[in-house]
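Spelled out from the first residue to the last, the chains are:
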Amino acid sequence: MPRSVNSVASRARRKKVMKQAKGYFGRRKNVWTVAKNAVEKAMLYAYRDRRNKKRTFRSLWITRINAGARLHGMSYSQFMGRIKANNIELNRKVLADLAMNHPEAFKAIVQKIK
């Protein structure tokens with residue numbers, strides 16, 4: 001009995017990976033083994049950085065809130081401590097947006113917690 005290999009499925013798998021490697025530089029876009037490794041590595045980076053993005057944004061929000069709080073003579077930790085003590089349930093994303101784009105509203109929050 002002849003050996004059976006499912007070349008249709010194999011080719012489909014390769015085509016899928018080659019399609020993902022579109023736009024890469026040099027052999028990474030058209031040589032199977034190189035493209036496979038490049039796509040695999042790219043997928044790992046994408047997985048890792050979807051998680052890192054959350055950390056990065058939280059850090060950005062904290063920096064913006066700190067800058068806004070310091071304009072009103074407070075540090076970030078003092079500001080957040082008083083926010084929690086006064087039961088103001090605004091998250092860092094909203095507070096950062098207020099500090100950047102609506103300084104009057106941020107000032108009103110600072111006045112309320114002082």
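Above this text is the structure in question.
Just so we're clear, the structure is a prediction, and the values are computed from it rather than from any experiment.

For the coordinates displayed, the defined rule picks out one salt bridge. The salt bridge partner of Asp-49 is Arg-48, with a shortest N-O separation of 2.9 Å. Note on Arg-48: relative accessible area 41%, which makes it partly exposed.

Within the secondary structure, Ser-75 is located in the loop between α2 (32-71) and α3 (76-85). Residue classification places Ser-75 among the buried residues on the basis of a relative accessible area of 16%.

Right, let's get into the environment of Leu-71. Summarising the element assignment, Leu-71 is placed in helix α2. Taking relative accessible area as the criterion, Leu-71 reaches 72% and is therefore assigned exposed.

This brings us to the packing of α3 against helix α5 (residues 103-113). In helix packing, the relevant descriptors are the interaxial angle and the interaxial distance, both defined with respect to the helix axes. Between α3 and α5, the shortest axis-to-axis distance is 10 Å and the interhelical angle comes to 70°. For the element pair α3 / α5, the angle class is roughly perpendicular. When α3 is examined against α5, the residues Phe-79, Arg-82 and Ile-83 are found in contact with a partner set consisting of Phe-106, Ile-109, Val-110 and Ile-113. Residues that form the contact of α3 with α5 fall into these classes: six nonpolar, no polar and one charged.

Here the focus is the environment of Lys-54. Mapped onto the elements of the fold, Lys-54 is located in helix α2. By relative accessible area, which is 57% here, Lys-54 ends up exposed. Reaching out from Lys-54, the side chain makes a polar contact with the backbone oxygen of Arg-50 at a distance of 2.8 Å.

This part is about unusual backbone geometry. Positive phi, close to 55°, is recorded for Asn-87, a residue that is not glycine. Within the fold, Asn-87 resides in the loop between α3 and α4 (92-101). Of the residues examined, Asn-87 reaches a relative accessible area of 64% and is grouped as exposed.

Within the structure shown, the criterion is met by two aromatic pairs. The ring centre of Trp-32 lies 5.6 Å from the NZ or CZ of Arg-14, which sits over that ring. Its guanidinium or amino end placed over the ring of Tyr-47, Arg-51 lies 3.9 Å from that ring's centre, counting from NZ or CZ.

Cut-off values and rules
- Residues numbered from 1 in each chain as written.
- Predicted model: local features only at pLDDT ≥ 70, side-chain atom pairs only at ≥ 80, totals over all residues.
- Heavy atoms only, no water.
- Salt bridge = Lys/Arg side-chain N within 4 Å of Asp/Glu carboxyl O.
- Buried < 20%, exposed > 50% of the residue type's maximum accessible area, 1.4 Å probe, protein only.
- Helix = DSSP H or I, 4+ residues; strand = E, 2+ residues; numbered from the N terminus.
- Axes fitted to C-alpha atoms, helices over the stretch in contact; angles between N-to-C directions.
- Parallel < 35°, antiparallel > 145°, perpendicular 65-115°, else oblique.
- Contact = heavy atoms within 4.5 Å.
- Nonpolar A, V, L, I, M, F, W, Y, C, P; charged D, E, K, R; others polar.
- Polar contact = N/O pair within 3.5 Å; in protein donor to acceptor, adjacent residues only side chain to side chain.
- Phe/Tyr/Trp six-rings, centres within 6.5 Å; stacked < 30°, edge-to-face > 60°.
- Lys NZ or Arg CZ within 6 Å of the ring centre and 35° of its normal.

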